[in-house]
Amino acid sequence: METPPAIRARGVTKCFGEVIALDGIDLDVAQGQIHGLVGPNGAGKTTLLGLLLGLAVADEGRLEVLGAPLDGTPGGVAGFVDGPGLYPSLTARKNLAALATLHGRDARTAGIDEVLAEVGLTDVADDRVRGFSLGMRQRLGLAAALLTNPRLLVLDEPSNGLDPAGKKHVHGVLTKLAADGTTVVLSSHRMDDIEALCAEATILATGRVVFSGPLSKLSAENRELDYRLRTSAPGEARRLALDAPGIHIVDDVGTQDVLVVRAHVPALDELVTRLVRAEVAVRELAPTVSPLEAAFLALTEQQESTR
Ligand SMILES: Nc1ncnc2c1ncn2[C@@H]1O[C@H](COP(=O)(O)OP(=O)(O)OP(=O)(O)O)[C@@H](O)[C@H]1O
């Protein structure tokens, strides 16, 4: 029998008064995948994650989670939106014990020490949450979700407040979970976060899906990018760039020796060949934003302008 997708959305719409937060969302997420949900502020990411967690109900459309229509609080789903709900006056361990009890489990056998270790909070297990940094709260929220052994983990901006080491640790936890079959859906404003963790992503803009699929497809899309070009002879490089086919000088970035040019890759190749032929050394040539970020910006700006 075919495994049902972890999430299947068709025409999902959610309004808050006059505001259309989600506008006919179609989405498929396969089980065991880490799927990124990315988009600018107000795109509808939190609203969609909230629906998956059963915190709100769609006005229209059909939403299936783990093979069943979403009806009330979905079984097998855990996570948080807008930061984890924690008791500040309790310790990390007591927060998890309270949660285990709430789920009808014996706190002594619920695996609290294991999840604390997994998210790297063993050393502060008996400290009150009131003194925790944002990053520590995020980790404790993840531990709370792990305690319920979810089949679908839903996380809103889980990297918020994490330092680079913390982010790496959390990414490791999520990667291991997915390898063991848990589906993870997480939101971020940042394409680099999504790129580090996810093979597939959905880009939302003003409540609509503007892309959904493998990141490789997004980055492979043939588009012009802006490149910083630093050479040994800036004046000559500028003259050659002006003459070269398919090269547009976007901006003199203020410093004498750097030029920003917009081009497709073949035109850029031709410019480099001309520079070398003219004995101008190329000291730096790199896109000003990553190809994925450029695709994200182009898609979301397009959607904003057609609003
Ligand atoms: N409870 C609510 N009441 C009224 N409007 C809401 C509510 N929740 C969300 N909205 C509106 O719905 C739209 C989508 O908001 P949402 O929080 O889902 O976006 P987001 O992509 O998560 O944004 P951000 O990245 O800023 O968190 C926004 O215009 C927001 O103002």
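Scoring rules and cut-offs
- Residues numbered from 1 in each chain as written.
- Predicted model: local features only at pLDDT ≥ 70, side-chain atom pairs only at ≥ 80, totals over all residues.
- Heavy atoms only, no water.
- Axes fitted to C-alpha atoms, helices over the stretch in contact; angles between N-to-C directions.
- Helix = DSSP H or I, 4+ residues; strand = E, 2+ residues; numbered from the N terminus.
- Parallel < 35°, antiparallel > 145°, perpendicular 65-115°, else oblique.
- Left-handed = near helix turned anticlockwise from the far one by under 90°.
- Contact = heavy atoms within 4.5 Å.
- Nonpolar A, V, L, I, M, F, W, Y, C, P; charged D, E, K, R; others polar.
- Buried < 20%, exposed > 50% of the residue type's maximum accessible area, 1.4 Å probe, protein only.
- Polar contact = N/O pair within 3.5 Å; in protein donor to acceptor, adjacent residues only side chain to side chain.
- Domains from an automatic or database assignment.
- Buried area = accessible area lost by both parts, 1.4 Å probe.
- Salt bridge = Lys/Arg side-chain N within 4 Å of Asp/Glu carboxyl O.
- Pairing = 2+ DSSP bridges.

## Some remarks on the packing of helix α4 (residues 134–146) against helix α5 (residues 164–179)
- It is at 12 Å that the axes of α4 and α5 come closest, and there the two elements cross at 15 degrees. As summarised for this structure, α4 and α5 are arranged roughly parallel, according to the angle between their axes. As α4 packs across α5, the resulting crossing turns out to be left-handed. Between α4 and α5, the residues in contact are R139, L142 and L146 and G166, H169, V170, V173, L174 and L177, respectively.
- Among the residues making up the contact of α4 with α5, the classes are represented as six nonpolar, two polar and one charged.

## Re the environment of T13
- You can see T13 is positioned in strand β1 (residues 7–16).
- With a relative accessible area of 11%, T13 lands in the buried category.
- It is 16 Å that separates the C-alpha atoms of T13 and I203, two residues lying 190 residues apart in sequence.
- The contacts of T13, once residues within four sequence positions are left out, are L22, D23, G24, A58, D59 and E60.
- Among the polar contacts made by the side chain of T13, one reaches the main-chain amide nitrogen of G24 at a distance of 3.0 Å.

## Remarks on the domain arrangement of the chain
- Considered domain by domain, the chain is made up of domain 1 (7–219) and domain 2 (222–305).
- One C-alpha centre belongs to domain 1, the other to domain 2, and the line joining them spans 39 Å.
- Between domain 1 and domain 2, the buried area comes to about 1100 Å², and carbon and sulfur atoms account for 72% of it.
- There are zero salt bridges connecting domain 1 and domain 2.
- Elements with a minimum of two residues in the side of domain 1 that touches domain 2: α6 (191–197), β9 (200–205), β10 (208–214) and α7 (215–220).

## Here's the deal with the pairing of β1
- When β1 meets strand β4 (residues 60–65), the two strands line up antiparallel, connected through five bridges. Each bridged residue has a counterpart across the sheet, and for T13 the counterpart in β4 is E60.
- Bridge count between β1 and strand β2 (residues 19–29): eight bridges; the pairing is antiparallel. When the sheet's bridge partners are listed, C15 is paired in β2 with I20.
- The turn joining β1 and β2, which pair antiparallel and follow one another in sequence, is formed by two residues; a positive phi near 60 degrees is taken by G17.

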